[in-house]
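Given next are the chains, with one letter for each unit.
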Amino acid sequence: MFRFDRRLLQSFDWVMLVAVLIVALLGLLNLYSAASLHKGFGTSVFIKQIYYYLLGFLAIMAILMVDYKVLTKWSYPLYVMTIFLLLAALFFGSEVAGTQRWINLGFFRLQPSEPAKLMLVIILASYYYRKDTGAGFTFKELIIPMGLTIVPFALIVKQPDLGTAMMMIIIFVSMTLFVKLKWSTLATLAGIGLSFVPLVWLFYLKPYQRQRILTFFNPESDPLGSGYHIAQSKIAVGSGATFGKGYMQGTQAQLDFLPERHTDFAFSVWAEEWGFVGSLFFLACYFFIILWGLNIALTARDKFGVLLAFGIVALIFWQAFINLGMVLGLLPVVGMPLPLFSYGGSSLLTTLAAIGILMNIRMRRFMTGS
Amino acid sequence: MLRPVGNITKMDPAELKMLKKRTDAATAIIFFIVAILVLRLWHLQIQQGGEYLQRSESNRIRVQQLAAPRGNLVDRHGQTLVTNRPRFNVIWIREDAPHPDEVIRQLARILELDISELLDRIRAGADQPRFIPTRLKEDIDWRTLVQIENNSFNLPGVQIEVQPSRNYLHGNLASHLVGYLGEINQRELEMFRHQDYRAGDPIGKMGLERLFETYLRGEKGRSYVEVDVRGFAQKQLQIQEPLPGNDLQLTLDLQMQKVAEEGLRDAAGAVVAMEVNSGRLLVMASAPELPVESFVGGIPRALWQGLLDDRRAPLLNKPVQGQYAPGSTYKVITTLAALEEEVITPETSFQCNGSIIFQGRRYHCWQRRGHGQVKLRQAMAESCDVYFYYLGQRLGVDTLAKYARLMGLGQKTEIVLEHEKEGLVPTAEWKRQRHREPWQDGETLSVSIGQGFNLATPLQITRMTAAVANGGRFYRPKLVSAIIDPEGEVVQELQPEPEREVGEVSNESWELLREILVASVMDQRATGRSARIKDITVAGKTGTSQVVRLSQIEHFEEDEIPYHLRDHAWFTAYAPAEKPEVAVTVLVEHGGSGGAVAAPLAKAVLEAYFRQQEDPTLPATAEQKQQDEE
């Protein structure tokens, strides 16, 4: 298994590596500007992010050593471990701003909901791979993957972290739609999903969460309250105009009008300082990674690789879309980082690990099973 | 059918085709969504970019507090004593100053300040964001203001800030009473944390400014201002006007107060004038004055240290905080006690040879030649000490103390002012406890002429005199008669507070006492004769309280006695004698004799009172008339 074939090196995914490096450099460049207002804090954020990148690239190397198909064997133990981490975050986690999301490891504060997203991709890929699709899944056959999704979902909802929990559902839906479903199953799922919406709205959402969503549809109603993030972000992005205000010259970011500018709203800073041209360049680089990921899915040598690659692409893509939609005022504020770009160790390491798996699949596309 | 774990085979072509189709669909979805994002970016940045650029230039709404005009202090006739005026401060905004060195050099020249002083101030504000102004100089005069405004083009980053502050229309008049404002401190912020105070706000630190803070301060306003990206105000959005504070109508009479303070100029001491039938105070003067005008915008350290070091104690509000031996004004109490205790009749006479020997010690009369054979009336009028030594011997210290207490000595008057002193009425018991020594009978002699351990405040002596004038009724001294809202409506009227009536003293005694107090001013050789007023009968008593024993200053000629060893001069009086209205007490520290120094000032204050009664709008003196006309 650890025997390293020469062919592996030949088929190393340089394209993905270069693309990820470019986005990583853009991210660091942007973070340096976004965090520059707070002198001491900014430096430490910047340095930390560099460490996370280095750690992430080491993780990619480690992941490349091992054939991705072992994940079909390891998926259940890894899944159980993830559930334990989520439970630990709930019971022993450190509370930040009223939420229990972090486990303090001393040198690093792990946010287990981030690897949980990747874990869900792996476990679903492995389940759908092992289950023969045949004429399409029936609703009954979907109960196990639904259960696998619901457990981490519930634990993340409990933290509470609405955005990440929502991602769990989105991953499940994306991957389930990707494999073959019976039409009746699809209809049942849609029915259940829709009927849950009002229940969740009425009984589950906390007032501030409801407020955020309502504010989204009418942001002018509360320009200094819930709508503040959206309004300031739109001003930041819009005021970048064609060519931007220039690096480190974004007034929205530099004068502290823009909240969470090194995490969720990192792209606002980019768009303000680099304008439409810079934003297009960024989107081109970023979505190249995603499309390349889909290409990896297309060229994978087996169904597991296809499912896994597709799941990972879905994971990165939906997060990016939700984040960008929020930054551009198309979607409500839910607290979602832009993978690879926003500051944050757990998200970055998870994303790089996911990229590592993609590269792994790519590298082994010519290998046949023994 | 489950595939075996770990044993991955190539996909069958049909399944591969299906997944490929779905991947293509996913690619289409992704392109579609990216197109939406790009369109959105186009819309925000290209189509609306200019508009958003403007909005980012004038972005945030800032809430500014608007200081409320503080209530005025007006006198009993409605004449304003203290009001507000705008104060102009020079402020510095770093963000706006591209060439600070040159600007600071110019500014230092205009402000006549050292560059290093300006730099110190700028450095002190260096931690704050660049758009937050730093104050460089407070309260510049209008000439400087004009200079800065004219040069504003050459002084980028320099601005003028307008701040309301206290305006003392009559200088430091009644300064101890008015008190002053200062920046709120940590303790006060803590104390008033439920009220709308913020660091940097002014708050009353002393006197009425402090005691009536809640009435005077008003309510702050709010101004909602849109600020631009550098933090500068761009657009006024909404203003909630501040609510001015309530005015205080004082019981003081400005003209009388002026006369009193003129009289105390260059001296140290106190003048108190009070309505005998209400306890309302017409004059509360303390000298030297407190330079409250120089306190606006912060008390300079050197000035404060100078006030602390001044041996004339300008920080004391002497009418209530100064304690002095009452001297011969105390003879009012000795007389009252002697009449009531019937140790003498008005006809009882004693021989005064200038001194008596008691228990082997000699006790002098102020009149070294002696008064000869004197009765009560003459003894009081000419302030014969020997006569009162005999009374003291017959009464004993504890009986004297009883009457002193009846007349309000040795206890606070409960006036609404800070740090009121209660004075001291000595008794045998007090001395045993305080000094662990038995009372010496010789000490009773000193007490009976108001010397020795006796201590009283000028306000206490005024109340005593007022009580003699009105037949033993005591009122709580009042300084504020009404609280008036900004529309001129009286919010609260402060009525006189009768405290107690001295029932133990017979009417005959009161009348007799009043008679001999009239004699003390009106008799030919009366010590208080310089307090006489045309057409009005004044009743009063002089006092000269020794600061040191006579023997210590015997070797000095009278005008050579060092200042701090000179006697305190007292005079306390009421008028008109037939139908008393007003009581006045004057104390001049180290002024010499009461008759020569204090009585003329009391006379001037009384004259001012009667002039005001005729026409309250009349200026008190010719000099002031001239000033007012200017």
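Coordinates for the structure precede this section.
Since this is a predicted model, take the numbers as computed values, not measurements. (Residues numbered from 1 in each chain as written. Chains lettered and ligands numbered in written order. Predicted model: local features only at pLDDT ≥ 70, side-chain atom pairs only at ≥ 80, totals over all residues. Heavy atoms only, no water.)

Participant: Describe the overall build of chain A, listing the residues and the values that go with them.
Facilitator: The secondary structure content of chain A amounts to 14 helices and three strands. Burial statistics for chain A: of 370 residues in total, 59% are counted as buried. Surface accessibility of chain A: about 15000 Å² in total, with carbon and sulfur atoms responsible for 72%. (Helix = DSSP H or I, 4+ residues; strand = E, 2+ residues; numbered from the N terminus. Buried < 20%, exposed > 50% of the residue type's maximum accessible area, 1.4 Å probe, protein only. Areas by Shrake-Rupley, 256 points an atom, 1.4 Å probe, with all protein chains shown as cover.)

Participant: Just give me the short version of the packing of helix α4 (residues 70–92) of chain A against helix α6 (residues 143–157) of chain A, but keep the residues and values in it.
Facilitator: Residues and elements named next belong to chain A. Contact geometry of α4 with α6 gives a least axis separation of 9 Å together with a crossing angle of 20°. Here α4 is positioned roughly parallel relative to α6, judged by the angle of their axes. For the crossing formed where α4 meets α6, the hand is left-handed. Contacts between α4 and α6 involve Tyr76, Tyr79, Ile83, Leu86, Leu87 and Leu90 on the former and, on the latter, Gly147, Leu148, Thr149, Val151, Pro152, Leu155 and Ile156. (Axes fitted to C-alpha atoms, helices over the stretch in contact; angles between N-to-C directions. Parallel < 35°, antiparallel > 145°, perpendicular 65-115°, else oblique. Left-handed = near helix turned anticlockwise from the far one by under 90°. Contact = heavy atoms within 4.5 Å.)

Participant: Describe the nonpolar core, listing the residues and the values that go with them.
Facilitator: In this structure, Tyr128, Phe267, Tyr286, Phe287 and Leu308 of chain A are the most contacted members of the largest nonpolar core, which totals 123 residues. It is helix α13 (residues 303–327) of chain A that provides the largest number of residues to this core, a total of 17 residues. Look past the residues within four positions of Leu308 of chain A in its chain and what remains in contact with it is Tyr68, Leu71, Val121, Ile122, Ala125, Ile357 and Ile361 of chain A. Core analysis: the next-biggest nonpolar cluster, separate from the first, contains 96 residues, Ile333, Phe388, Ile483 and Ile516 of chain B among them. (Core = buried A, V, L, I, M, F, W, Y, C linked by side-chain atoms within 4.5 Å.)

Participant: Can you explain the packing of helix α12 (residues 266–299) of chain A against helix α1 (residues 13–47) of chain B? Please cite residues and give values.
Facilitator: Across the interface, α12 of chain A lies against α1 of chain B with an axial gap of 11 Å and an inter-helix angle of 175°. Looking at the two axes, α12 of chain A sits roughly antiparallel to α1 of chain B.

Participant: I'd love a proper account of empty space enclosed by the protein, names of residues and values included.
Facilitator: All names here are of chain A. Throughout the structure, instances matching the rule amount to three cavities of 30 Å³ or more. Each pocket or cavity is described by its volume, and for the largest cavity that value is around 40 Å³. Every residue along the wall of the largest cavity is listed here: Glu114, Lys117, Leu315, Gln319, Ser347, Thr350, Thr351 and Ala354. Counting only elements with at least two residues in the lining of the largest cavity, the list comes to α5 (113–130), α13 and α14 (345–363). In terms of residue count, the dominant contributor to the lining of the largest cavity is α14 (four residues). (1 Å grid on protein atoms, 1.4 Å probe; cavity = no way out; pocket = protein on both sides within 12 Å on 5 of 7 lines; lining within 4 Å. Points joined across faces, edges and corners; volume = space filled by probe spheres on them.)

Participant: Explain the sheet that holds strand β11 (residues 269–275) of chain B to me, using residue names and the numbers behind them.
Facilitator: All names here are of chain B. Sheet architecture is open: five strands sit in the order β12-β11-β23-β22-β21, paired in antiparallel fashion. The open sheet has two edge strands, β12 (281–287) and β21 (539–545), and neither has a second partner. Sheet twist, expressed as the mean angle between neighbouring strand axes with direction ignored, is 5°. Pairing between β11 and β12: six bridges, direction antiparallel. Paired with Val272 across the two strands is Met284, which belongs to β12. (Pairing = 2+ DSSP bridges.)

Participant: A description of the packing of aromatic side chains should follow, citing residues and the corresponding values.
Facilitator: Applying the stated criterion to the full structure yields 35 aromatic pairs over all chains. Ring geometry for Phe267 of chain A against Phe282 of chain A: centres 5.4 Å apart, planes inclined by 40°, an arrangement best described as tilted. The class for Phe282 of chain A is buried, based on a relative accessible area of 0%. For the ring pair Phe317 of chain A and Phe321 of chain A, a centre distance of 6.4 Å and an interplane angle of 10° mean the geometry is stacked. Here the residue Phe317 of chain A and the residue Phe321 of chain A both occupy positions in helix α13, the gap between them amounting to four residues, near one helical turn. When its relative accessible area of 3% is taken as the criterion, Phe317 of chain A is described as buried. According to the relative accessible area criterion, Phe321 of chain A is buried, its value standing at 16%. Here a set of aromatic residues connected by ring pairs shows up, and it is made of Tyr247, Phe267, Trp270, Trp274, Phe282, Tyr286, Phe287, Phe317, Trp318, Phe321 and Phe341 of chain A. Directly above the aromatic system of Trp142 of chain B lies the positively charged group of Arg143 of chain B, at a separation of 6.0 Å from the ring centroid. For Arg500 of chain B, the ring lying beneath its charged end belongs to Phe474 of chain B, and the centroid distance is 4.1 Å. (Phe/Tyr/Trp six-rings, centres within 6.5 Å; stacked < 30°, edge-to-face > 60°. Lys NZ or Arg CZ within 6 Å of the ring centre and 35° of its normal.)

Participant: Summarise helix α10 (residues 254–264) of chain B; cite the residues concerned and give the values.
Facilitator: All names here are of chain B. Counting buried residues in α10 gives nine out of eleven residues, a clear majority hidden from the surface. Residues of α10 that are buried: Leu254, Gln255, Met256, Gln257, Lys258, Val259, Ala260, Glu261 and Leu264. Capping the start of α10, Asp253 holds a side-chain oxygen 3.0 Å from the backbone nitrogen of Gln255, two or three residues further along. (Polar contact = N/O pair within 3.5 Å; in protein donor to acceptor, adjacent residues only side chain to side chain.)

Participant: Provide a residue-level description of the environment of Ala337 of chain B, including the pertinent values.
Facilitator: All names here are of chain B. Among the secondary structure elements, Ala337 is positioned in helix α13 (residues 331–340). Along the sequence, Ala337 and Val505 sit 168 residues apart, while their C-alpha atoms lie 9.0 Å from each other. Non-local contacts of Ala337, meaning those with residues more than four positions away in its chain, are made with Glu342, Leu395 and Tyr403.

Participant: An account of the pairing of strand β13 (residues 349–352) of chain B is requested, with residue identities and associated values reported.
Facilitator: Residue and element names in this part refer to chain B. Side chains Phe350 and Cys352 of β13 all project onto a buried face; the interleaved residues Ser349 and Gln351 project onto a face where none is buried. As defined by bridge partners, β13 adjoins strand β16 (residues 372–375) across four bridges and the pair is classed as antiparallel. Paired with Ser349 across the bridge in β16 is Lys375.

Participant: Quick rundown of a positive patch on the surface? Include the residues and the values.
Facilitator: Residues Lys180 and Lys182 of chain A together with Lys17 and Lys21 of chain B make up a contiguous surface patch of positive charge. For Lys17 of chain B, the location among the structural elements is in helix α1. For Lys17 of chain B, a relative accessible area of 61% corresponds to the exposed category. (Patch = residues over 30% accessible without salt bridge, like charges linked within 9 Å, V, L, I, M, F, W, Y side chains within 5 Å. Salt bridge = Lys/Arg side-chain N within 4 Å of Asp/Glu carboxyl O. Lys, Arg positive; Asp, Glu negative; His and termini not counted. Charge placed at Lys NZ, Arg CZ, Asp CG, Glu CD.)

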